[in-house]
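Architecture at a glance
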Amino acid sequence: MLDRLGRSARRGAGEFLYSLGFFLSVVKESVLLVRRRQVGFRVLVMQILFTGVEALRISAVVAIAIGAAINLIGSSLLAEFGQSRLMYTMLIIVITRELGPLLTAFIVIARSGTAIATELGGMVVAHEMEAYVSVGVNPISYLAAPRFLGVVISMLVLDVYFNLFGLLGSFAVVQLIKPIAFEEYFRNLAAVLRPGDLGMGLLKALVFGVIVSVVSLYRGFSVERSSTEVPVAGIRAVGSSFMLVILADVVLTTIQYVG
Amino acid sequence: MWARAVGEPPILEFRSVGARRGDFDILRDITFDLSEGRASFFMGAAGSGKSALLKTAAGLRPADSGEVLYRGRSLAHLSRKEEAQFRRKSAFVFQDGALWANQSLFDNLALPVRVHEPGSSPAEVERIVRRVVDLVGYEEDLKTRPSDLSSGERRLIALARALVLDPELLFMDEPFANLDEAASERVVGIVAALKERGRSLVVVTTRSDLVGRFADFIAVLGSGGLMAFGSYDEAVEWNGDAVRALTGRLKPRAAASEAAWGMAGAWADAFAEDGAVLESEKAGKGANVKRDADGGRAVLGDIINALPEEDDEAGRGGEEERT
Amino acid sequence: MKFRIRYADRVVGLFVLVALLALAAGIILLGANQRWFSRDFHFTTRLDSAAGASPGTPIYLKGFQVGKVERLSLNEGNEVDADFVIFDKYYPKVRENSVLELVTSPIGLGTQLLFDPGKSDAVLKEGSFIPTADSPEGRGLIEQGLVDIPPKDDTITRLLADVSPLLENLNKTVITVDRTLTEVNRAVAGRSDTPLANILGEASKTMTKVDGIAGSIGVIADNLRATTTAIRDPTGLIPRLLDAKGSLKTLLDDKGALYSDISSSLAELQASLKNVQEMTTSLNAQMPSIAVTLDEGRTAIKQAQDVLEGLKNNPLLRGGIPKKTEQESTYQSMREGQF
């Protein structure tokens, strides 16, 4: 019993160190990629296209829906308490600071996390990874780094779009139901928006992007030889990404409100 | 220490190499040297670990114990630069082709050039790719993806990818398996040409006829270890039963009749004229060897023509090694 | 999909560019809001006390925030040196002879720094010393009429200034009425040696005074109406003074409930006093009822006092005055009573 505990602890520590090393080499190769701008650049563009551009529609729908919901709550429920101005604070808290980055991360996990893990897993099984090594291409720099950068950039950009859609798109939708003057809406929104809100939102998007990409890459690379491992890698990528993103969210939010 | 061709510098040295899969040892304590410019064939029953040994030799799979030396340097401890050098000068032909599915055939072939010759212009890359595509005799569109190809075509392209930088050391995992007759002939011809050009070949195959045709050394693997190694005679001397069990009707090369070699024999003869063809090339008389009525020769001429700038490259490579 | 892959670079470029532009716009907006790009002009002043002022305390001119306090420090002479800034937009208003006024609300609504621009054409140089209105220097400037002091828009302060003497008057009246009542009681009991007529005459006089007070109450009611209007005005000083976030506005905007509360209370008071007056005039006819009526009157006055007391105790922040049940006319009840 004790032996088993010790063994699993050692294995856990080993895996932790390995993943840490993996993370560091991904970051290092990403920095090199930015500097070299070589072959992986094309992969980066395609990754942003897939993770960012193609996720824009669903992200916009979610953002507008949430923004519109808060707008309606603000104009009906909160007005009953004479607190309709709280709506703007709620919009900023929910869309900019809390839900925006989190939901964007969820969208990216569901779309790109699985895709990255299964794609890389499939490449390992098809010996494509070995083929890269054999021609002298480091899979981390050629496969992982552009995907990492692509996901992180997409997360940041999608978060900005989420804000754009959540704050402005929802305004347009609510106009149809209960018109508010744009000037009034905009001024009130600007009045409650603090640099910290914007900063925290972007910081979260950055952290979540790093988590999602590294976890998915790690899971993809951890496939060894059987094609049955590939879907497992996909599932694990999603599971671990969700867990870690939520954990990171809790930590960041705690730091923000307590620290 | 096992047999080694006296006086020839080893290009690869195996030092007590072991390979493990899970808790099971597939290879234990393998020690031998491979000479430069020779064709070495790994043989063994299925699951004997020959593919694992090949990948370990190519540095695609770390040795679980022991080490593999490339020109005296351990593959496990190559510097970044040395590793790049090793990758530049070696190539691996995978059993299933292992083409990159998300890239076009052209990009599959161009990537090694782009990686190792980053300064080359797109036109240059295109020229090099064309040459190697002609070499393997692939005539379809290079814009398609590997998934559009038959498995035989994929293997040809994979071979082309391995040859695109004209490696001095070529690892091949079952290069002749699952090919149609024409493709098989092509591959055999290419192997012969490479051998003739002094490239070091390390091949895993079950085609005993080709082993007899090309092998300078054979390594017989079984029961998790090396059962025999050396030239055919040496190997037989070492462990005749094991060698004969694998090679079956294989006979010593010297004893082979022209008829027994069949087509391959024609290739062997053709090599004698290899130099002459090149001479004619240099003399500007055109690379076309089709004037020869002999079909085999014509194909060979194509192959040699298409081989990327043989002599110059080799010369440059030699210098780099010395520095 | 094919289209996208073909134009991947352009699509991705546009995707990232739009986001960057949006982000930049957001940051600029934020910066404008946080006055990152505005220049502030620094000035100094000296306050008697820093009580009620702190770094960040806004400085107003006619209800507009024109600057804020940056730093406060206690100097060797135990005076408070204050550094403050005037926003660039309002810098041209910083003329020579300007003074700064620290106004503390008498009803505990906090402190306000008012900027009173000088009546000069010369704009003060940055870093100049601007005296406070209560410093000898500032007083001098004001007395010479060199300062443009806008009328105080703190209507509550003004109103309460009117209410205070009135309350004193009312108190006096109540005491007089009380004394009269005692006298009347004693007379009725046959213990007084003062002729009853005298007492009644005195009571009559008191009531005339009350009449005057009732008039004043009308004036107060008018003032209150004005105050309420001021309160309703969202840009006005009072709502911001009370609650910068403006939630009070909605509270007060409840169809003028507070105003009608106060107003009806005052009207009631007026009615009660009128009753008293009427009672007094018909005193001769209805002698025995005087005591009761005066008693009623006293209750009514007490109620009025409560109302005003409540107002003084800052009802705006304490949820107003509890609604009182409408009081029946005492006159009516008198008539229906046994008399």
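Residues numbered from 1 in each chain as written. Chains lettered and ligands numbered in written order. Predicted model: local features only at pLDDT ≥ 70, side-chain atom pairs only at ≥ 80, totals over all residues. Heavy atoms only, no water.

**Remarks on the overall build of chain C**
Secondary structure summary: chain C contains 10 helices and six strands in total. In chain C, of all internal contacts separated by at least 6 residues, the share reaching a separation of at least 24 is 68%. (Helix = DSSP H or I, 4+ residues; strand = E, 2+ residues; numbered from the N terminus. Contact = heavy atoms within 4.5 Å.)

**Points about the pairing of strand S7 (residues 169-173) of chain B**
Residue and element names in this part refer to chain B. Across the five residues of S7, five count as buried, placing the element largely inside the fold. Side chains of S7 alternate between two faces, with Leu169, Phe171 and Asp173 and Leu170 and Met172 buried alike. Pairing of strand S6 (residues 90-93) with S7, which is carried by four bridges, proceeds in the parallel orientation. Across the sheet, the residue bridging to Phe92 is Phe171, located in S7. Both S7 and strand S8 (residues 200-204) contribute to a ladder of five bridges, which runs parallel. Note on S8: the bridge partner recorded for Leu169 is Ser200. In this view, the connection linking S7 to its parallel neighbour S8 by way of helix H6 (residues 181-196) has right-handed handedness. (Buried < 20%, exposed > 50% of the residue type's maximum accessible area, 1.4 Å probe, protein only. Pairing = 2+ DSSP bridges. Right-handed = clockwise from strand over helix to strand, strands pointing away.)

**Quick word on the sheet that holds strand S5 (residues 73-74) of chain B**
Residue and element names in this part refer to chain B. Taken in spatial order, the four strands make up an open sheet running S2-S1-S4-S5, and their pairing is antiparallel. The open sheet terminates on both sides in strands that have one partner only, identified here as strand S2 (24-35) and S5. Bridge count for strand S4 (residues 65-70) against S5 is two bridges, and the pairing is antiparallel. By the bridge assignment for S5, Tyr70 is matched with Arg73. Packing of helix H1 (residues 50-57) onto the sheet brings it into contact with strand S1 (10-21), S2 and S4, and relative to S1 it is tilted by some 125°. (Axes fitted to C-alpha atoms, helices over the stretch in contact; angles between N-to-C directions.)

**As for the interface of chain A and chain C**
With 25 residues of chain A at the contact, the number on the chain C side is 23 residues. Of the roughly 2100 Å² buried between chain A and chain C, counting both surfaces, carbon and sulfur atoms make up 77%. Among the residues of chain A in contact with chain C, Leu49, Val53 and Tyr161 of chain A are the three that bury the most area, contributing 21% of the side total. The interface formed by chain A and chain C contains zero salt bridges. Listed by contribution, the elements that provide at least two residues to the side of chain A that touches chain C are helix H2 (40-51), helix H7 (139-177), helix H8 (182-192) and helix H9 (195-221) of chain A. Taken together, the residues that form the side of chain A that touches chain C break down as 18 nonpolar, three polar and four charged. (Buried area = accessible area lost by both parts, 1.4 Å probe. Salt bridge = Lys/Arg side-chain N within 4 Å of Asp/Glu carboxyl O. Nonpolar A, V, L, I, M, F, W, Y, C, P; charged D, E, K, R; others polar.)

**Quick word on the confidence of the model for chain C**
Residues and elements named next belong to chain C. For chain C, mean pLDDT is 70; residues scoring 70 or higher make up 46% of the total. When mean pLDDT is compared element by element in chain C, strand S4 (residues 80-87) scores highest at 89, while helix H10 (residues 330-336) scores lowest at 47. The low-confidence segment residues 243-251 (pLDDT under 50) makes nine contacts with residues lying over four places distant or belonging to another chain. Low pLDDT (under 50) marks residues 328-339, which in the prediction has 11 contacts with non-local residues, meaning those over four places away or in another chain. Reported confidence for the predicted complex is 0.82 by ipTM and 0.66 by pTM. (pLDDT = per-residue confidence, 0-100.)

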